[in-house]
Amino acid sequence: MERLVVIGAGMASGRVLEHLFEAGAPFEVTLFNAEPRGNYNRIMLSPVLSGEKAFDEIVTHDDAWYAEHGVTCRFGEKVVAIDRSRKVVVGERGEVPYDRLIIATGSAPFIIPLPGHDLPGVVAYRDLEDTNAMIEASARPGAKAVVIGGGLLGLEAAAGLRLRGMDVTVLHLMGHLMERQLDEAAGYLLKKDLEKRGIEVLLKASTKAIEGQGKVERVVLEDGTVLDADIVCMAVGIRPAGQVGADAGLTCGKAITVDAQMRTSDPDIFAVGECVEFEGNLFGLVAPLYDQARVLAKTLLGEDDAFAMRELSTKLKVTGCDLFSAGDFAEREGREDIVFRDPARGIYKRLVIEDDRLIGAVMYGDTADGNWFFGLIKDQTDIEEIRDTLIYGPAFQGGGAAGADPLAAVAALPPEAEICGCNGVCKGQIVDAIGAGADTLDALRAQTKASASCGTCTGLVEQLLAVTLGDSFDAGGAKPVCGCTDLTHEDVRRLIKARELRTQPAVWQELAWKTVNGCPTCRPAINFYLLAEWPLDYQDDAQSRFVNERNHANIQKDGTYSVMPRMWGGMTTADELLAIAAAAKKYEAAVKVTGGQRIDLLGVKKEDLPAIWADLNAAGMVSGHAYSKGLRTVKTCVGTDWCRFGTQDSTGLGIKLEKKLWGSWTPHKVKLGVSGCPRNCAEATCKDVGVVCVDSGYQIGVAGAAGMDVRETQRLVDVASEEEAIEWTAAFVQLYREHARYLDRPYKWVDKVGLEWVKEVLSDSAERAALNERFEISQSVYRKDPWAEHTSEPEAEKFQPIADLTMEPAE
Amino acid sequence: MIWTDIGTLADIPLRGARRVKTTKGCIAVFRTGEEEVFATSNTCAHKQGPLAEGIVHGRKVTCPLHSWTYSLETGEAQGADEGAIATYPVKIEAGRVLLDVSALAEKAAA
């Protein structure tokens with residue numbers, strides 16, 4: 001048997017061995033590794049650092065695997081020299097002769113030679129030892145970490161250390177994070193997200209020295225800033241570690257030079273991985289390394305293959321920081337940008353186009369379409385035709401079915417299309433494996449390695465499962481609005497706005513609805529989103545409303561309705577009560593006093609609704625909207641009008657608020673309360689918006705609840721005047737209308753976006769004014785009594801049966 | 001077949017319904033498309049909800065009370081729910097909606 005010696009047991013050489021053994025190649029293998037262990041998935045050290053995975057879970061080849069394939073392991077032993085004349089590798093513990101030799105010594109972290117860089121407590125982020133050192137340092141409560149380098153590796157280290165409970169500061173020399181993968185805007189969003197999780201980020205931070213007595217104690221910056229540190233992680237880059245090849249006289253540039261067959265200048269010596277240089281290129285990401293491994297295995301087996309450079313994409317493996325970048329996105333003459341931003345949701349997408357080809361993509365916050373864009377870049381697809389809608393991703397490309405539906409797009413991919421870039425797994429292999437019984441993501445990963453390395457293509461692999469298995473596959477993940485679409489509520493709202501979709505059919509068509517005209521789940525939601533976005537253009541669709549909103553009354557279990565007139569601020573008059581009493585008698589209604597300070601008339605027949613409304617209108621009353629996802633009641637106490645404790649006119653303010661807000665449609669119902677003093681008789685602190693009057697003004701609380709969940713309001717702001725209280729309240733309601741998911745009460749929405757964000761937006765007086773202006777535009781259409789519109793013909797007739805056949809003989 | 005004129009097509013809102021009162025209870029007449037109507041019993045098999053008040057989607061209606069969904073073509077409850085409602089022949093002629101009331105007559109005679 002031929003003797004194959006491998007120096008370095010990393011991801012690249014591990015992959016070479018897998019290919020060789022799979023092909024049944026007759027090699028007697030000796031494997032040297034300086035680290036005292038075999039091959040593990042180095043790119044998954046981040047989850048080990050953060051505690052999301054154990055080291056055992058990222059081991060690629062264990063002792064049993066090496067034994068099974070007859071590999072002689074010399075782990076923890078460095079190679080001293082290669083003697084090419086005698087064809088032997090000289091290890092620290094003896095020589096091994098070779099027929100063929102693979103150098104896979106990888107790279108070494110770059111350590112800036114700062115004063116103090118060799119103190120204990122300064123680590124790189126390269127191997128398990130570094131990772132363990134950081135985990136150990138994080139064990140002490142209140143421990144502080146400084147990470148030098150705001151690139152991919154540094155940020156993953158920072159996030160991991162933060163998850164371990166450390167105070168983490170990232171020092172980055174450049175003006176924005178990950179400048180090689182991200183542009184400034186995406187870098188800004190990333191910084192914001194990291195800061196949100198408690199990681200401090202200092203940009204343009206130049207480190208002067210690391211100091212301490214016998215171990216790291218602090219980091220000093222050029223500008224004099226001093227940062228305490230128990231551990232310093234230097235993650236500023238890597239450099240090829242091919243010295244053993246250079247020493248042996250192999251041709252080297254910045255690393256060991258190889259040809260497209262991974263052969264060095266010595267025909268029996270090969271090199272693979274981060275220690276090689278190919279056509280002037282160095283390597284740091286895993287995907288091309290696996291390409292090299294495949295080519296090298298073929299070469300050793302005597303088959304033809306050639307390594308070629310290809311486009312790379314990057315994702316950051318920090319849970320919750322969703323970013324994607326691919327290709328070239330530098331600004332240059334002749335290049336054009338397509339940019340989409342949604343500051344409220346922290347989303348940024350940028351596509352760079354040159355000569356009708358997509359050449360670069362940067363995405364932050366929503367990266368679902370990353371692989372699709374990456375495919376366009378790699379294939380140099382002509383995008384002129386789809387340019388207008390390109391940034392919305394594959395779901396919105398008109399024309400063929402493949403463009404309309406992401407699943408169809410995946411289904412249309414040829415079998416040789418590459419799905420998993422890390423492991424070079426193509427669609428055909430995955431589909432075959434599914435056919436052979438791998439019907440879960442885990443099973444597929446185990447059998448094909450697809451999405452088993454960095455995980456970026458997990459979505460694609462899941463889509464393949466869905467396409468191949470049909471309905472029996474449950475993907476989980478972002479929840480679509482309903483079965484009619486794969487889009488989330490947020491996506492739909494964004495696209496209605498961005499693509500100016502002004503009708504329901506436009507939404508169904510342009511967003512590729514799977515049903516003809518929606519379902520009872522999406523229809524009311526889309527109807528609301530459209531009228532909230534285009535109040536002046538969109539015609540409210542009664543047929544997309546639940547029965548109560550369509551009939552402006554609440555249906556009861558026997559098919560009759562309840563009718564509830566508005567009592568502004570809970571105030572009524574003797575004349576109103578007389579009219580209510582008369583109506584109750586005339587239409588044989590039961591009378592109930594409600595918790596919202598109004599009177600409910602129950603048991604009214606549908607046919608009688610227009611008539612009872614006309615009677616109530618005649619007495620000056622209007623709909624109380626007790627049936628709507630809109631403003632319900634404003635509950636008040638009597639305040640300074642009567643109460644000896646009242647501090648402000650709570651009744652008056654309640655009436656003003658109700659007159660301002662009534663008739664508006666909202667994602668779910670909205671109830672208000674105004675109490676005249678902190679005794680809070682109006683129970684304002686469990687309302688969607690609750691105002692508590694105090695001597696100095698008005699305390700506005702939001703996001704309370706007293707239904708399925710009980711919540712106390714959270715303080716939005718304290719204001720001095722009624723006008724301000726009304727302005728803030730209307731701004732809050734409008735912000736809720738513009739952003740909340742349909743059927744989320746304000747408290748649920750605030751839980752999702754965070755009260756801090758709501759405060760931040762509303763504390764800007766210009767923004768508050770703009771929200772009020774948009775609210776008033778909408779109210780110019782909706783601040784009116786729907787009852788009055790249905791008491792006369794032709795509307796009233798619609799509440800009657802279309803025909804009455806009871807009087808006619810059937811024959 | 002005993003076709004009875006119950007009104008104009010325009011009287012039924014698109015993706016909506018109207019009721020027809022009969023001696024055997026109400027029939028719901030649904031308009032699922034510009035030129036497409038269906039007629040079924042107005043009464044849900046579950047808790048007698050008025051189906052004419054439901055949301056009409058495709059050739060289906062969802063009951064306003066507890067969201068049972070029926071095929072308007074067959075009257076069969078959809079999904080996990082089991083049950084069925086009566087369906088009646090209905091057609092459009094020159095903008096008028098004609099309902100076949102022979103089933104009602106038979107039942108009345110029986």
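Moving on to the overall build of chain B. Across its full length, chain B carries one helix and 10 strands. Starting at the N terminus, the α and β elements of chain B follow one another as β-β-β-β-β-β-β-β-β-β-α. Taking all 110 residues of chain B together, the buried fraction comes to 44%. Considering only contacts within chain B whose residues lie at least 6 apart along the sequence, 43% involve residues at least 24 apart.

With 21 residues of chain A in contact, the opposing surface of chain B contributes 30 residues. Sheet topology note: the strand β39 (residues 803–804) of chain A/strand β2 (residues 16–22) of chain B ladder contains two bridges and is parallel. Counted as the bridge partner of A:A803 is B:V20 from β2(B).

All names here are of chain A. By secondary structure assignment, the location of K629 is in the loop between α20 (609–618) and β32 (631–636). What makes K629 buried here is the crowd of 21 C-beta atoms within 10 Å. Sequence separation between K629 and H668 is 39 residues, and the spatial gap between their C-alpha atoms is 4.4 Å. In this view, K629 contacts W665, T666, P667, H668 and K669; residues no more than four positions away in its chain are not counted.

Attention shifts here to unusual backbone geometry. All names here are of chain A. Of the consecutive residues E793 and P794, the connecting peptide bond is found in the cis state with omega at 5 degrees. Secondary-structure assignment places P794 in the loop between α25 (765–782) and β39. Positive phi, normally seen in glycine, also occurs at Q380, with a value near 50 degrees. Mapped onto the elements, Q380 comes out in the loop between α9 (370–379) and α10 (401–404). Owing to 13 C-beta atoms within 10 Å, Q380 belongs among the partly exposed residues under this scheme. In the Ramachandran plot, K449 falls in the positive-phi region, its phi being about 70 degrees despite a non-glycine side chain. Locating K449 in the fold gives a position in the loop between α13 (441–448) and α14 (458–469).

For the rest of this paragraph, the subject is the pairing of strand β14 (residues 218–221) of chain A. Residue and element names in this part refer to chain A. Inspection of the sheet shows strand β13 (residues 207–211) paired to β14 by four bridges, in the antiparallel sense. Opposite A209, over in β14, you have V220 as the bridge partner. What sits between β13 and β14 in their antiparallel hairpin is a turn of six residues, with G212 showing a positive phi close to 160 degrees. Of the pairings in the sheet, the one linking β14 to strand β15 (residues 226–228) comprises three bridges and is antiparallel in character. Across the sheet, the residue bridging to V220 is V226, located in β15. With antiparallel pairing between neighbouring strands as the criterion, β14 and β15 make up a hairpin whose turn holds four residues, including G224 at a positive phi of roughly 95 degrees.

The next point concerns α25(A). All names here are of chain A. Between the first and last C-alpha of α25 there are 25 Å, a value that for 18 residues agrees with the 26 Å anticipated at 1.5 Å per step. Taken residue by residue, α25 has R768, L771, F775 and S778 as its buried positions. The arc that holds the buried residues of α25, viewed along the axis, is 90 degrees, so those residues lie on one side. Among the exposed residues of α25, those pointing more than 90 degrees away from its buried face are S765, A766, A769, I777 and S780. Looking at the buried positions of α25, the neighbouring elements they touch are α22 (722–739) and α24 (755–762).

Another aspect to go through is the nonpolar core. Residues and elements named next belong to chain A. Grouped together as the largest cluster of nonpolar side chains are 69 residues, with contacts concentrated most on I7, I102, I103, A271 and V272. In terms of residue count, the dominant contributor to this core is helix α8 (residues 286–300) (nine residues). Excluding anything up to four places from it in sequence, I102 contacts V6, I7, S13, V16, F270, A271 and V272. Core analysis: the next-biggest nonpolar cluster, separate from the first, contains 66 residues, L45, L49, A145 and L376 among them.

Residues and elements named next belong to chain B. Read from one edge of the open sheet, three strands run β5-β6-β7, paired in antiparallel fashion. This sheet does not close on itself; its edge strands, each paired only once, are β5 (55–57) and β7 (69–71). For this sheet, the mean inter-axis angle between neighbouring strands, taken without regard to orientation, is 25 degrees. Inspection of the sheet shows β5 paired to strand β6 (residues 60–62) by three bridges, in the antiparallel sense.

As a further point, take the sheet that holds strand β4 (residues 79–83) of chain A. All names here are of chain A. Pairing is antiparallel in the open sheet, where three strands are placed in the order β4-β5-β6. The outermost strands of the open sheet, each flanked by one partner alone, are β4 and β6 (94–97). Averaged over all neighbouring strand pairs, the angle between strand axes comes to 20 degrees, with direction disregarded. Where strand β5 (residues 88–91) lies against β6, four bridges are found, and the strand directions are antiparallel.

Moving on, we come to the packing of α22(A) against α24(A). All names here are of chain A. Direction vectors running N to C along α22 and α24 enclose 120 degrees, while the axes themselves pass 11 Å from each other. When the axes of α22 and α24 are compared, the pair comes out oblique. In terms of crossing hand, the pair formed by α22 and α24 is right-handed. Along its contact with α22, which presents W728, A731, F732 and L735, the element α24 presents V758, V761 and L762. Across the contact of α22 with α24, the residue classes break down as seven nonpolar, no polar and no charged.

Here the focus is helix α12 (residues 427–435) of chain A. Because an α-helix completes one turn every 3.6 residues, residues spaced three or four positions apart along the sequence face the same direction. Residue and element names in this part refer to chain A. Within α12, burial applies to K427, Q429, I430, A433 and I434. Across the axial projection of α12, the buried residues extend over an arc of 165 degrees, all falling on one side. In this fold, the buried residues of α12 make contact with β26 (418–420), β27 (425–426), α13 and α14. Looking one or two places after α12, you find G437, whose phi comes out positive at around 115 degrees.

Here we take up the pairing of β32(A). Along β32(A), six of the six residues are buried, which leaves the element largely enclosed by surrounding structure. Handedness of the crossover joining β32(A) and strand β33 (residues 670–675) of chain A through helix α21 (residues 650–661) of chain A: left-handed.

A separate point is the environment of B:V20. Of note, B:V20 is situated in strand β2. Each C-alpha atom of the pair B:V20 and B:S41 lies 9.6 Å from the other, and the pair is 21 residues apart in sequence. In this structure B:V20 touches A:P801, A:I802, A:A803, A:L805, B:I6, B:C26, B:I27, B:V29 and B:L99, once residues within four positions along its chain are discounted.

Parameters and conventions
Residues numbered from 1 in each chain as written. Chains lettered and ligands numbered in written order. Predicted model: local features only at pLDDT ≥ 70, side-chain atom pairs only at ≥ 80, totals over all residues. Helix = DSSP H or I, 4+ residues; strand = E, 2+ residues; numbered from the N terminus. Buried ≥ 20, exposed ≤ 12 C-beta atoms within 10 Å, placed from the backbone. Contact = placed C-beta atoms within 7 Å. Pairing = 2+ DSSP bridges. Expected span 1.5 Å × (residues − 1). Arc of directions from axis to C-beta. Core = buried A, V, L, I, M, F, W, Y, C linked by C-beta atoms within 7 Å. Axes fitted to C-alpha atoms, helices over the stretch in contact; angles between N-to-C directions. Parallel < 35°, antiparallel > 145°, perpendicular 65-115°, else oblique. Left-handed = near helix turned anticlockwise from the far one by under 90°. Nonpolar A, V, L, I, M, F, W, Y, C, P; charged D, E, K, R; others polar. Right-handed = clockwise from strand over helix to strand, strands pointing away.

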